[in-house]
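Inside the fold
Take a look at the letters that make up each chain.
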Amino acid sequence: LSVDHLWHAIDAFQKEDMMNFSQETQAAALLAEQLAPRATRMARYEALFNRLDLFTKGMALYIFGFLTAAFFWLKGGEKIRLTANSLVWVAFAVHTLGMIARMVLAGRPPVTNLYSSAVFVGWGAVGMGLALEHWHKNGIGSAASAVVGFATLVIAHHLAMSGDTMGMMQAVLDSNFWLATHVITITIGYSSVFLAGALAHVYLIGNVLGKLTDKTRKSLMQMVYGVTCFSLLFTFVGTVLGGIWADQSWGRFWGWDPKENGALLIVLWLSVMLHARFSGHIRENGFMVSAVFANIVTALAWFGVNMLGVGLHSYGFMDKAAFWLLTFSIVQMLVMALGFFPKGLFLPHKSKTA
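Rules behind the numbers
- Residues numbered from 1 in each chain as written.
- Predicted model: local features only at pLDDT ≥ 70, side-chain atom pairs only at ≥ 80, totals over all residues.
- Heavy atoms only, no water.
- Salt bridge = Lys/Arg side-chain N within 4 Å of Asp/Glu carboxyl O.
- Buried < 20%, exposed > 50% of the residue type's maximum accessible area, 1.4 Å probe, protein only.
- Helix = DSSP H or I, 4+ residues; strand = E, 2+ residues; numbered from the N terminus.
- Core = buried A, V, L, I, M, F, W, Y, C linked by side-chain atoms within 4.5 Å.
- Contact = heavy atoms within 4.5 Å.
- Patch = residues over 30% accessible without salt bridge, like charges linked within 9 Å, V, L, I, M, F, W, Y side chains within 5 Å.
- Areas by Shrake-Rupley, 256 points an atom, 1.4 Å probe, with all protein chains shown as cover.
- Expected span 1.5 Å × (residues − 1).
- Axes fitted to C-alpha atoms, helices over the stretch in contact; angles between N-to-C directions.
- Parallel < 35°, antiparallel > 145°, perpendicular 65-115°, else oblique.
- Left-handed = near helix turned anticlockwise from the far one by under 90°.
- Nonpolar A, V, L, I, M, F, W, Y, C, P; charged D, E, K, R; others polar.

We now examine the pattern of salt bridges. Per the counting criterion, the structure on display carries 4 salt bridges. Residue Lys-15 pairs with Asp-11 through a salt bridge whose shortest N-O separation is 3.2 Å. With relative accessibility at 61%, the residue Lys-15 sits in the exposed group. Residue Glu-133 is joined to Arg-81 by a salt bridge in which the shortest nitrogen-to-oxygen separation is 2.7 Å. Remark: Arg-81 occurs in helix H5 (residues 78-106) and Glu-133 occurs in helix H6 (residues 114-136); sequence separation between them is 52 residues. When salt bridges with common partners are traced through the structure, they connect Glu-78, Arg-81 and Glu-133 into a single cluster.

Shown next as structure tokens:
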């Protein structure tokens, strides 16, 4: 039996008998391959996947893409913009390959837990950002994509340190159909909210620095408004699908669970934003501030429920995330405050004497 070979291998290792240790481990591996060929093959693939470390490589490529996009803003030049866009595309391809590999290894849709949701949120935001860059060609889509892609992969990296990222599913979550419909839809909604928030950062920071041209200002407004409309659609549909799943699993469509409340708050806030803008109650600046605040609402709905430790959607208490969630919220509020400063506040004044 394979277990016998492993026990003999352990005994040989303790006795520092490397020859017998090697023979016993090889015999155990051969026997395991005969008894479970598919599992053994997948184990080899998983070992290769871990060695390639695709998400870490993706993080590095996102950094290079952002720096190149920033250089384009400083110096200009179509070749530099295309280089930045190409780097983000390569990072996106590596990100995609890593996500597909995880799906194959787990035999599941891309989102099954907090770790995989972080990977997918970044992937979705990058894909949408690259589409915006294709339409607007101003380097902003590439830069925003790179920032969100890098940030979410960093979050995923730290989540991976807490344990196995491809562990057994909770019984209530063991449904590939709902994982591929409700979970994917609502997570795409998260992706688009964070992308809109990143674009709003560019607007608010560029505004106080006096670096936005009228063309760039108009382009950013179109991007944030369009992405917000997209976010509202997907978060609303995802919330409804979640209610249907809850009805099948728990016998009720809605129970004011913290996770359900968080999803509803995202839908309500996005609705308020669009209504206020459409009715003229807020202008461009106010809409951008609202888009940044949507980041806080979404982060609380995404991670906050796991820190409460209550509700049917809480699958483990995560007090370690509290500090980073608070830090993120404070940073977002500081960026929101920029919306109350006048345009070009930090623009150096030219001397009146020539």
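Another aspect to go through is the nonpolar core. Residues Tyr-62, Leu-195, Leu-199, Leu-204, Leu-220, Met-288 and Trp-302 are the most contacted members of the largest nonpolar core, which totals 78 residues. Ranked by residue count, the leading element in this core is helix H8 (residues 176-209), at 17 residues. Dropping the residues within four chain positions of it, Leu-204 is found in contact with Asn-285, Met-288, Val-289, Val-292, Val-335, Met-336, Leu-338 and Gly-339.

This paragraph deals with a nonpolar patch on the surface. A grouping of Ile-63, Phe-64, Phe-66, Leu-67, Trp-73 and Val-147 is seen on the molecular surface, where their side chains present a nonpolar patch of about 540 Å² in accessible area. A per-element tally of the nonpolar patch places helix H4 (residues 54-75) first, with 5 residues. Here Phe-64 lies in helix H4.

So, about H4. Here H4 contains 22 residues, and its C-alpha end-to-end distance of 31 Å stays within 8% of the 32 Å for a straight helix at 1.5 Å per residue. Listing the buried residues of H4 in full gives Leu-54, Phe-55, Gly-58, Met-59, Leu-61, Tyr-62, Gly-65, Thr-68, Ala-69 and Phe-72. Among the structural elements, helix H3 (37-52), H5, H6 and helix H7 (140-160) are those in contact with the buried residues of H4. A positive phi of about 75° marks Gly-76, the residue just after H4.

Attention now moves to the side chain of Ser-219. Its location among the elements puts Ser-219 in helix H9 (residues 214-250). Of the residues examined, Ser-219 reaches a relative accessible area of 8% and is grouped as buried. Here Ser-219 is in contact with His-136 and Asn-138, once residues within four sequence places are set aside.

Among the structural elements, Gln-332 can be located in helix H12 (residues 321-337). Relative accessible area serves as the criterion here: at 4%, Gln-332 is assigned to the buried category.

Below, the discussion takes up H5. Side chains of residues three or four places apart in an α-helix project in the same direction, reflecting 3.6 residues per turn. Helix length check: H5, at 29 residues, gives a terminal C-alpha distance of 42 Å against a target of 42 Å (1.5 Å per residue), a fit within 8%. Remark: Gly-107 follows H5 within two positions and exhibits a positive phi of approximately 65°.

For the rest of this paragraph, the subject is unusual backbone geometry. What you tend to see is this: most non-glycine residues have negative phi, and most peptide bonds are trans. Positive phi, close to 60°, is recorded for Glu-16, a residue that is not glycine. In this structure, Asp-53 is a non-glycine residue whose phi angle is positive, near 50°. By the element assignment, Asp-53 lies in the loop between H3 and H4.

Before going further, it helps to examine the packing of H3 against H5. Taken N-terminus to C-terminus, the directions of H3 and H5 make an angle of 155°; their axes are 10 Å apart at the nearest point. Considering the angle they form, H3 stands roughly antiparallel to H5. Remark: the crossing between H3 and H5 carries left-handed chirality. Facing H3, whose interface residues are Met-42, Tyr-45, Glu-46 and Phe-49, H5 presents Gly-98, Ala-101, Arg-102, Val-104 and Leu-105. A breakdown of the residues in the contact of H3 with H5 according to their chemical character gives 6 nonpolar, 1 polar and 2 charged.

Moving on to the packing of H8 against H9. At a minimum axis distance of 7 Å, the contact between H8 and H9 shows a crossing angle of 155°. As the angle between them shows, H8 and H9 are arranged roughly antiparallel. Viewed along their axes, H8 and H9 form a crossing whose handedness is left-handed. A breakdown of the residues in the contact of H8 with H9 according to their chemical character gives 22 nonpolar, 13 polar and 1 charged.

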